[in-house]
Amino acid sequence: MKILLFGKNGQVGWELQRSLAPLGDLVALDRHSTDLCGDLANLGGISDTVRQVRPDVIVNAAAYTAVDKAESDAANAHAINAAAPGALAEAAKATGAWLVHYSTDYVFDGSGSKPWEEGDPTGPLGVYGRTKLEGEQRIAAQCANHLILRTSWVYAARGGNFAKTMLRLARERDRLTVINDQFGAPTGADLLADVTAHMVRSALPGASDRIAGIYHVAAAGETSWHGYARFVVDCASKAGLPLKTSPDTVDPVPTTAFPTPAVRPHNSRLNTAKLQGCFDLKLPAWQQGVARMLAEIT
Ligand code: NDP
């Protein structure tokens, strides 16, 4: 099997380089790749890349992920999150490849407390969510053989993330204040990459396009950013890290305490029953992956 990966150096892309490698020949690109175009802003370039590589599966881990910046940079967010996936889908259809793509809980409006199912009505609150939703729609319209994995609160050992920020602040400050009215599941880039590899195996060329569609993929359980921060501080304290903050001095505050350009959903819970049933997978509790990542970085 030949796999073409875009966005190889992002959180998920980096882990995909590991998880997809044993499945066949992997061609991994980022926006600076020279032999082949991996820049999603260059629609003709990425279409040419697909036609030259002739992959069985395209995996697109590249995205415009700066949620707040997107509010004042809508044209670029649209180009990367909507137009480029559309172009990849067109090229995938033309060459008979499957297209695997990632999307977000931000396609929903965050109302209620029920975990979102794949077919629930969307209602993005900002530019990032709107452009990601349009990316999904363009893919579905262009290429029947697609897998769209909607996920939430992604972290990785590599690069910056919420847990690392909390650890740094917990070393410097006696108290932390963290939002307690947004709920979701922190999901490891490594878990997403491993799940993707399982799905790609099932979506081998010739497989029925009945498995095509949108899947929610997130670690099991739920928490708030406040609960997440407390867990991080607790794990680090138990590991003997010198912290000024303790779990009891992580104070809960509402979202309104930290105004941001982009409105974020309060309910980011994703129902993952479809994925677990269709692909016979079990998603581990979010604490497991976060504890593992902390053990790796501390
Ligand atoms: P990252 O921000 O870590 O990685 C995104 C990657 O896309 C970066 O390597 C970036 O490259 C690359 N990229 C941006 N613009 C271009 C371009 N023009 N051409 C080529 N590459 C480009 O994101 P994640 O790995 O966390 O996200 C993976 C997917 O998961 C995305 O689809 C995202 O929307 C989705 N998702 C992420 C969530 C999160 O919390 N992070 C939550 C829910 C969904 P560079 O570094 O050079 O800018």
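See the structure shown above.
Below: a short report on this structure. Worth saying up front: this structure is predicted, and the values here are computed from it rather than measured.

1. Some points on the packing of aromatic side chains
Turning to step 1, where the next piece is worked out: Counted by the stated rule, this structure contains nine aromatic pairs.
Turning to step 2, where the next piece is worked out: Both rings, one in Trp225 and one in Tyr228, keep their centres 5.9 Å apart while their planes meet at 25°; by these two values the pair is stacked. Here Trp225 and its partner Tyr228 are both found in helix α8 (residues 225-238), three residues apart, which amounts to about one turn of the helix.
Turning to step 3, where the next piece is worked out: In this structure Trp225 comes out as buried when scored by relative accessible area, which is 16%.
Turning to step 4, where the next piece is worked out: By relative accessible area, which is 1% here, Tyr228 ends up buried.
Turning to step 5, where the next piece is worked out: Centre to centre, the rings of Tyr228 and Trp286 are 6.0 Å apart; their planes meet at 70°, and the pair counts as edge-to-face. Linking Tyr228 in helix α8 with Trp286 in helix α10 (residues 286-297), this pair joins segments that are 58 residues apart in sequence.
Turning to step 6, where the next piece is worked out: Through a chain of ring-to-ring contacts, the aromatic side chains of Trp153, Phe162, Trp225, Tyr228, Phe231 and Trp286 assemble into a single cluster.
Turning to step 7, where the next piece is worked out: Taking NZ or CZ as reference, Arg158 lies 3.6 Å from the ring centre of Trp14, over its face.

2. Section: the pairing of strand β3 (residues 57-60)
Turning to step 1, where the next piece is worked out: A two-sided burial pattern is seen for β3, the buried positions comprising Val57 and Val59 on one face and Ile58 and Asn60 on the other.
Turning to step 2, where the next piece is worked out: As judged from the four bridges shared by strand β1 (residues 2-6) and β3, these two strands associate in the parallel manner. Residue pairing across strands places Phe6 opposite Asn60, the latter belonging to β3.
Turning to step 3, where the next piece is worked out: Examined bridge by bridge, β3 and strand β4 (residues 98-104) share four bridges and lie parallel to one another. Considered in β4, the bridge of Val59 is made with Val100.

3. Details of helix α6 (residues 162-172)
Turning to step 1, where the next piece is worked out: Three or more residues of α6 are buried, namely Phe162, Ala163, Met166, Leu167, Leu169 and Ala170.
Turning to step 2, where the next piece is worked out: The inward-facing, buried residues of α6 contact β7 (176-179), α8 and α10.
Turning to step 3, where the next piece is worked out: Two to three positions downstream of the cap, the backbone nitrogen of Ala163 sits 2.9 Å from a side-chain oxygen, assigning the N-cap of α6 to Asn161.

4. Regarding the site of the ligand
Turning to step 1, where the next piece is worked out: Inspection of the region around the ligand gives 22 residues, with Gln11, Arg31, Thr65, Tyr128 and Lys132 positioned closest.
Turning to step 2, where the next piece is worked out: At a separation of 2.9 Å, an oxygen atom of the ligand approaches a polar backbone atom of Val12.
Turning to step 3, where the next piece is worked out: Between Ala63 and the ligand, the recorded distance is 3.1 Å, taken from a backbone N or O atom to an oxygen atom.
Turning to step 4, where the next piece is worked out: Residue assignment for the shell around the ligand shows that the elements contributing at least two residues are α1 (11-20), β4 and α5 (127-142).
Turning to step 5, where the next piece is worked out: For the shell around the ligand, the leading source of residues is β4, giving three residues.

Reading the values: the criteria
Residues numbered from 1 in each chain as written. Predicted model: local features only at pLDDT ≥ 70, side-chain atom pairs only at ≥ 80, totals over all residues. Heavy atoms only, no water. Phe/Tyr/Trp six-rings, centres within 6.5 Å; stacked < 30°, edge-to-face > 60°. Helix = DSSP H or I, 4+ residues; strand = E, 2+ residues; numbered from the N terminus. Buried < 20%, exposed > 50% of the residue type's maximum accessible area, 1.4 Å probe, protein only. Lys NZ or Arg CZ within 6 Å of the ring centre and 35° of its normal. Pairing = 2+ DSSP bridges. Contact = heavy atoms within 4.5 Å. Polar contact = N/O pair within 3.5 Å; in protein donor to acceptor, adjacent residues only side chain to side chain. Near = heavy atom within 4 Å.

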